[in-house]
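The residues making up each chain are set out below.
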Amino acid sequence: MVRLYNENPNPKIIAHVAEILRNGGIVIYPTDTVYAIGCDIRQQHAIEKICKFKGIDTRKAQLSIICHDLSHISEYAKVDNSTFRLLKHNLPGAFTFILNGSNNLPRLFKNRKTIGIRVPDNNIVRALVQELGNPILTTSVKDDNDITEYETDPELLQEKYGKMADIIINGGMGNNTASTIVDCTGEQPEIVRQGIGELK
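Here's what I pulled together on the structure shown here. Bear in mind that the values here come from a model prediction, so they are computed numbers and not experimental data.

Scanning the protein from N- to C-terminus turns up six helices and 11 strands. Since a compact globule built from 200 residues should have a radius of gyration of about 16 Å, the 16 Å found for the protein is in line with a globular shape. Expressed along its principal axes, the backbone C-alpha trace of the protein runs to roughly 45 × 35 × 30 Å. Scored against the burial criterion, the 200 residues of the protein give a buried share of 52%. Intrachain contacts of the protein at a sequence separation of at least 6 include 64% that bridge at least 24 residues.

What follows is about the pairing of strand E6 (residues 95–101). Two faces belong to every sheet, and in a regular strand the side chains alternate between them. A large share of E6 lies buried, amounting to six of its seven residues. Bridge count for strand E5 (residues 77–78) against E6 is two bridges, and the pairing is antiparallel. The residue bridging Ala77 from the neighbouring strand is Gly101, located in E6. The sheet contact formed by E6 and strand E10 (residues 180–183) spans four bridges and is parallel. For Thr96, the partnering residue across the bridge sits in E10 and is Ile181. Bridge analysis of E6 against strand E7 (residues 114–118) gives four bridges, and the strand direction is antiparallel. Residue pairing across strands places Ile98 opposite Gly116, the latter belonging to E7.

Another aspect to go through is the environment of Asn134. Position of Asn134 relative to the elements: it lies in the loop between helix H5 (123–132) and strand E8 (136–140). On the basis of relative accessibility, which here comes to 16%, the residue Asn134 falls in the buried class. Expressed as a C-alpha distance, the spacing of Asn134 and Ile73, which sit 61 residues apart in the sequence, is 11 Å. Ignoring sequence-local partners within four residues, the contact set of Asn134 consists of Asp40, Arg42, His72, Tyr76 and Val129.

Moving on, we get to the nonpolar core. Counting residues in each nonpolar core, the largest one holds 38 residues, and the members touching the most others are Ile28, Ile65, Ile73, Phe97 and Phe109. Within the residue set of this core, elements represented by two or more residues are strand E3 (36–40), helix H2 (44–54), helix H3 (70–76), helix H4 (81–90), E6, E7 and helix H6 (154–161). Sorting elements by how many residues they give to this core places H2 first, with four residues. Discounting residues that sit within four places of it in the chain, Phe109 has contacts with Ile41, Ile47, Leu63, Ile65, Ile115 and Leu137. Ranked by size, the runner-up nonpolar core spans 19 residues in total, among them Val2, Ile14, Val27 and Ile169.

Here Ile168 is to be found in strand E9 (residues 167–170). Apart from residues no more than four positions distant in its own chain, Ile168 is found in contact with Met1, Val2, Ile28, Leu157, Gln158 and Gly162.

Moving on: the pairing of E7. Along E7, four of the five residues are buried, which leaves the element largely enclosed by surrounding structure. Direction of pairing for strand E4 (residues 64–66) relative to E7: parallel, over a ladder of three bridges. Directly across from Ser64, in E7, lies its bridge partner Gly116.

Residues Leu91 and Pro92 are joined by a peptide bond in cis, for which omega reads -5°. Inspection of the secondary structure assignment puts Pro92 in the loop between H4 and E6.

Buried residues of H5: Ile124, Val125, Arg126, Leu128, Val129 and Leu132, and no others. In the stretch just after H5, Gly133 is the one whose phi turns positive, near 90°.

Rules behind the numbers
- Residues numbered from 1 in each chain as written.
- Predicted model: local features only at pLDDT ≥ 70, side-chain atom pairs only at ≥ 80, totals over all residues.
- Heavy atoms only, no water.
- Helix = DSSP H or I, 4+ residues; strand = E, 2+ residues; numbered from the N terminus.
- Rg over C-alpha atoms; globule rule 2.2 N^0.38 Å.
- Buried < 20%, exposed > 50% of the residue type's maximum accessible area, 1.4 Å probe, protein only.
- Contact = heavy atoms within 4.5 Å.
- Pairing = 2+ DSSP bridges.
- Core = buried A, V, L, I, M, F, W, Y, C linked by side-chain atoms within 4.5 Å.

See the structure below:
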């Protein structure tokens, strides 16, 4: 386990974790909502390992990725002007926006039209994505409606999930409320799940 602080994440530790991800590793890390588990979206074996851990089918799963900022999003999703304004008003923040995917998504994502996009209000994970150069595939460690102290306390995460992840980032106590999911693929944005984020 490594300790990082949201206010000023240590660049050497961030670089170390990014290298683990480049080599197909899996990381548990803090976000602005719950602790999550993720990997480099270009490491298919790691994605399959996470999906197996969560008990989801890679071909059918509603997968989400973490981007660093708005320009990073536009590389991996199709964003029209009104959606861009919505994203700009709400990101970074505790939201998952469902968008139409672009051709830059890796092969594993090619058979799906949409992708969940997150830009958390958390400097640790955003610094990690920026250092990595690719988005991180992300999913909460536990099902969103079944979050316990094990999913908010990094020491307990280490105890329970240490064998699953190659590294765990201790970013302090996590939240126990999931992100708000907003579907932007229709004519009007639609809140699919109300979480901690209040849409502006």
